[in-house]
Amino acid sequence: ASHHPRFPTRAQPCGTTQTELWHNRDCCHALPEPAEPPAAGASMQKDAAGAERASLVSASETSSEQAVSKSTKTALLLKWGSLAVLMVQNSSAFVVTRYTRQGKPNELYLTSVVVLMVELIKMAICLLLLLRDARGSVRELCAELQHHLWVERRTTLLLGVPALCYAMQNNLVFVAISNLSAAAAQVLYQLKTISTAFFTVLLLRRSFRAAQWVSFLLLMAGVALVQSEDGKSSSAPTGAAPWLGVSAALAAASISGFAGVFLEKMFTSGGTSLWMRNVQLGLFAIPLQCIAIAQVDGQRVMR
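Within every chain, residues take consecutive numbers counted from 1 along the sequence as written. Only residues with pLDDT of at least 70 get local features here, since the model is predicted, and only at 80 or more are side-chain atom pairs given and counted; chain-wide, interface and lining totals rely on the full set of residues. Where side-chain values are given, they derive from all heavy atoms of the structure, hydrogens and water being excluded.

(A) Layout of the overall build of the protein. Put simply, DSSP marks the helices as runs of H or I at least four residues long and the strands as runs of E at least two long, and each gets a number from the N terminus on. Assigned secondary structure in the protein consists of 13 helices and zero strands. Secondary structure of the protein in N-to-C order comes out as α-α-α-α-α-α-α-α-α-α-α-α-α. Out of the 303 residues belonging to the protein, those deemed buried represent 27%. What makes two residues a contact is simply this: any of their non-hydrogen atoms within 4.5 Å. For the protein, restricting intrachain contacts to residue pairs at least 6 apart in sequence, the fraction spanning at least 24 positions comes to 76%. The accessible surface values rely on the Shrake-Rupley method and a 1.4 Å probe; as for residues, cover is taken only from the protein chains in view. Carbon and sulfur atoms make up 65% of the accessible area of the protein, which amounts to about 20600 Å² in all. With a 1.4 Å probe rolled over the protein chains alone, any residue whose accessible area is under 20% of its type maximum counts as buried; one over 50% counts as exposed, and the rest are partly exposed.

Set out below in structure tokens:
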């Protein structure tokens, strides 16, 4: 009975019969071996790798925060530095210009030539800045100029409007300074704030609060007081025409407001840099100023 094929023997550990043993002869070898528990060293290595990864992420976040903080400080420095320079320039320009306009008429410099020189210097500075943005590549600079000046020629032609306005404004400012005191000319020219607000509402469809309109009215009242006191004092230049100076200052303020808002509208409608816009403006301002010199001061320039 012990050797009957239906009864297993002690040498048959897997199957219940010899037939089952024949079919399942590899069953013992197919059984999976028990998994060994993870070693303590592997667990420590895994923890160390996780800690190192966390430290790298923390260092990366810290460096990015430091970069953002540094760029923010640089932006604030440029902002307030530019504001300080602009304040000094606006407050000293009329005083210095009025001082240089004292003397005999035949010994004074030609204001039209000064405006032309300013435009030429602006053009040279903007081209140098564009060359810097092009990483010093003249070919890349020429390609960018061709794109913005010729391919986008419709935009360039539109910039002829503010270019003409700025050319007229610069010449009118010299007329105002030559016929008014420096304080009166400067205060009258600050009426460009009101003209800018008017054209902002008209062209850009923006609105101002009631307090802002009240400040504009106070500015107008202050201008009227300064002008009335300037007329009573002896600070106005001798032999000048005060009403001509007032008219020139008011016209310059109005033109400046319109040109500034028109240019802002073009800036917001495209991604062109400030330097390229100035180059586009100079393409019209320089020839227009040359025409003005030929018509007004042509003979004196030839001499």
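Now that the structure has been shown, the text picks up again.
(B) Just unusual backbone geometry, in detail. Positive phi is not limited to glycine here, since Arg135 has a value of about 60 degrees. Position of Arg135 relative to the elements: it lies in the loop between helix 4 (111-133) and helix 5 (138-151). A relative accessible area of 66% means that Arg135 is categorised as exposed. Despite not being glycine, Arg205 has its phi angle at roughly 60 degrees, a positive value. Looking at where Arg205 falls in the secondary structure, it is placed in the loop between helix 9 (192-203) and helix 10 (210-232).

(C) Quick peek at the side chain of Gln289. Within the secondary structure, Gln289 is located in helix 12 (residues 274-296). N or O atoms within 3.5 Å of each other form a polar contact, as long as, within protein, one can give a hydrogen and the other can take it, and as long as residues adjacent in sequence are counted only when both atoms are side-chain atoms. At a separation of 3.2 Å, a polar atom in the side chain of Gln289 contacts the side chain of Asn171. With residues up to four places along the chain from it excluded, the contact list for Gln289 reads Ser112, Val115, Leu116, Ala167 and Asn171.

(D) Spotlight on the packing of aromatic side chains. Only rings of Phe, Tyr and Trp enter the pairing, Trp through its six-membered ring, and a pair is recorded when the two centres are within 6.5 Å. The plane angle decides the type: under 30 degrees is stacked, over 60 is edge-to-face, the rest tilted. Enumeration according to the criterion identifies seven aromatic pairs in this entry. Arranged with centres 5.7 Å apart and planes meeting at 45 degrees, the rings of Phe94 and Tyr189 form a pair that is tilted. Of this pair, Phe94 sits in helix 3 (residues 40-100) while Tyr189 sits in helix 8 (residues 182-189), and the two are 95 residues apart along the sequence. An angle of 85 degrees between the planes, with centres 5.4 Å apart, marks the rings of Trp213 and Phe216 as edge-to-face. Here Trp213 and its partner Phe216 are both found in helix 10, three residues apart, which amounts to about one turn of the helix. Judged by relative accessible area, Trp213 falls into the partly exposed class, the value being 37%. Every member of this aromatic cluster is reached through a ring pair, and the members are Phe198, Phe199, Phe258 and Phe262. Here, a charge over a ring means that NZ of Lys or CZ of Arg falls within 6 Å of the ring centre while also lying within 35 degrees of the ring normal. The ring of Trp150 has Arg153 sitting right over it, with the charged end atom 4.5 Å from the ring centre.

(E) Spatial organisation of the nonpolar core. For this analysis, a nonpolar core means a set of buried residues of the types Ala, Val, Leu, Ile, Met, Phe, Trp, Tyr and Cys, connected via side-chain atoms within 4.5 Å. Of all hydrophobic cores here, the largest spans 19 residues; its most connected members are Phe94, Val173, Leu180, Leu188 and Leu191. Ranked by residues supplied to this core, first place goes to helix 11 (residues 242-268) with five residues. Counting 11 residues, the second largest nonpolar core, distinct from the first, contains Leu116, Cys126, Leu141 and Met276.

(F) Focus on the pattern of salt bridges. Salt-bridge detection follows one rule: a side-chain nitrogen of Lys or Arg within 4 Å of a carboxyl oxygen of Asp or Glu. Applying the stated criterion across every chain yields a total of four salt bridges. Put simply, Asp133 and Arg132 hold a salt bridge, and the shortest N to O gap is 3.0 Å. With relative accessibility at 38%, the residue Asp133 sits in the partly exposed group.

(G) Geometry of the packing of helix 4 against helix 12. Their axes nearest at 9 Å, the elements helix 4 and helix 12 cross at an angle of 155 degrees. When the axes of helix 4 and helix 12 are compared, the pair comes out roughly antiparallel. The handedness of the crossing between helix 4 and helix 12 comes out as left-handed. Residue type decides the class: Asp, Glu, Lys and Arg count as charged, Ala, Val, Leu, Ile, Met, Phe, Trp, Tyr, Cys and Pro as nonpolar, and the leftover types, Gly among them, as polar. Split into classes, the residues belonging to the contact of helix 4 with helix 12 amount to 17 nonpolar, four polar and four charged. Comment: axis = line fitted to C-alpha atoms, over the contacting stretch for helices; angle = value between 0 and 180 degrees taken between N-to-C directions. Note that the term roughly parallel is reserved for angles under 35 degrees, roughly antiparallel for angles over 145, roughly perpendicular for angles of 65 to 115, and oblique for everything else. By convention the crossing between two helices is left-handed if the near helix lies anticlockwise of the far one by an angle smaller than a right angle, and right-handed if it lies clockwise.

(H) Spatial organisation of a nonpolar patch on the surface. A cluster of nonpolar side chains, namely Leu164, Met168, Leu288 and Ile291, defines an oily patch on the protein surface of about 320 Å² accessible area. When residues of the nonpolar patch are traced back to their parent elements, those giving at least two are helix 7 (160-179) and helix 12. By the secondary structure assignment, Leu164 is in helix 7. Patch building starts from residues that exceed 30% relative accessible area and form no salt bridge, then joins like charges within 9 Å and nonpolar side chains (Val, Leu, Ile, Met, Phe, Trp, Tyr) within 5 Å.

(I) Local environment of the confidence of the model for the protein. Per-chain confidence: the protein averages 79 in pLDDT, with 73% of residues scoring 70 or above. A score between 0 and 100, pLDDT records how confident the predictor is in each residue. Looking across the protein, the model is least confident in helix 2 (residues 27-30), with a mean pLDDT of 46, and most confident in helix 4, with 94. Under a pLDDT of 50 for its full length, residues 1-35 has, in the predicted model, 19 contacts with residues more than four places off or in other chains.

(J) Quick look at the environment of Trp213. Trp213 sits 19 residues away from Ile194 along the chain, and the two C-alpha atoms are 8.9 Å apart. When sequence neighbours within four positions are dropped, the list of residues in contact with Trp213 reads Val201 and Phe208.

(K) Region of the structure containing the environment of Phe258. Here Phe258 shows up in helix 11. For the pair Phe258 and Phe199, spaced 59 residues apart in sequence, the C-alpha to C-alpha distance is 6.0 Å. The residues contacting Phe258, other than those within four sequence positions of it, are Val161, Cys165, Phe199 and Leu203.

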